[in-house]
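Structure assessment
Spelled out from the first residue to the last, the chains are:
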Amino acid sequence: MSVLRSFVDSVRSGAIEVIDLTAPLTAETPILQLPPPFSNALPFRLEEISRYDDRGPAWYWNNIHTSEHSGTHFDAPIHWVTGRDGQDISQVPTRSLIAPAVVLDFAAEAAKDPDFLLEIDHVKEWERVNGPLPDGGWLLYRTGWDVRAGDQAAILNADESGSHTPGVSAECAGWLASETPILGIGVETVGTDAGAAHSFDPAFPCHSFLLGAGKYGLTQLRNIDRLPVTGAAVVAPPLPIVGGSGSPVRVLALVER
Ligand code: MN
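Below: a short report on this structure. Keep in mind the model is a prediction, meaning the values are calculated, not measured.

A few points about the packing of helix α5 (residues 170-179) against helix α6 (residues 205-212)
- In contact at an axis separation of 8 Å, α5 and α6 are set at 15° when each is read in the N-to-C sense. Considered as vectors, α5 and α6 are oriented roughly parallel to each other. Here the hand of the crossing between α5 and α6 comes out right-handed. Within the contact between the two elements, α5 uses A170, A173, G174 and A177 and α6 uses P205, C206, F209 and L210.
- In terms of residue class, the contact of α5 with α6 is made up of 7 nonpolar, 1 polar and no charged.

Next comes the structure, spelled out in structure tokens:
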């Protein structure tokens, strides 16, 4: 049997399980909030064009209002100034849209410390147990933050000192970008960087180093806890917005059962 026929048969039979890592898109979908003087993205919104009425008697459709970075979305290299000469979202090679994925689970640590940061030693210890990070694959960083996805205040977890959400240290982000063969990082938070990353050196190091290295980001993922530590494949095709810096994306994980 051909590889492709075997694959689709396995999806149909459930031998390959398809797990949706995507948050539903609604007007309540949390979005990143930057402090003044910076501009912010608009919330997702449906604008009805017609609904079986005078405006269109037999059909229902909407305009959608969204930012490129609303809900579960894909960050392209040109999103960051360090990647400004890199790919826009329409230029991400199609072969990169299907890739292996591994899970680094630090939900217990993030539950104790919302400002928890992934460090190089954490990743090296993970590699000692599980083998090297996948060449051309996603590092999916589990923090347990997905349970907050329906609640803007909970997912941003802000107080007077700013947002407190887990992320990656500047040193580790630089190392992941330059010393590992990953395709990019996927997270459960609204952005790939920690809530406090505006004060890191450099600021927003995941964005700065990974996008600057031509790697990618995936945000607001869920159901990462249902994936094996190694062995999953991720299908993450963004919209080919010409010149775009990112796109909402449906992220599916394929897992052999
Ligand atoms: Mn983004």
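Anyway, onward from the coordinates.
Things to note about the coordination of the manganese ion
- Coordination of the manganese ion by the protein is provided by H69 (ND1), H73 (NE2) and D75 (OD), with metal-donor distances spanning 2.1 to 2.3 Å.
- Read N to C, the donor residues that coordinate the manganese ion are spaced as H-x3-H-x1-D.
- Overall, H69 belongs to the buried group, its relative accessible area being 18%.

Some details on the environment of G246
- With respect to the element layout, G246 can be found in strand β14 (residues 246-248).
- In sequence terms G246 and L218 are 28 residues apart; their C-alpha atoms lie 9.6 Å from each other.

About the thresholds
- Residues numbered from 1 in each chain as written.
- Predicted model: local features only at pLDDT ≥ 70, side-chain atom pairs only at ≥ 80, totals over all residues.
- Heavy atoms only, no water.
- Axes fitted to C-alpha atoms, helices over the stretch in contact; angles between N-to-C directions.
- Helix = DSSP H or I, 4+ residues; strand = E, 2+ residues; numbered from the N terminus.
- Parallel < 35°, antiparallel > 145°, perpendicular 65-115°, else oblique.
- Left-handed = near helix turned anticlockwise from the far one by under 90°.
- Contact = heavy atoms within 4.5 Å.
- Nonpolar A, V, L, I, M, F, W, Y, C, P; charged D, E, K, R; others polar.
- Donors = N, O, S within 2.8 Å, 3.2 Å for Na, K, Ca; no water.
- Buried < 20%, exposed > 50% of the residue type's maximum accessible area, 1.4 Å probe, protein only.

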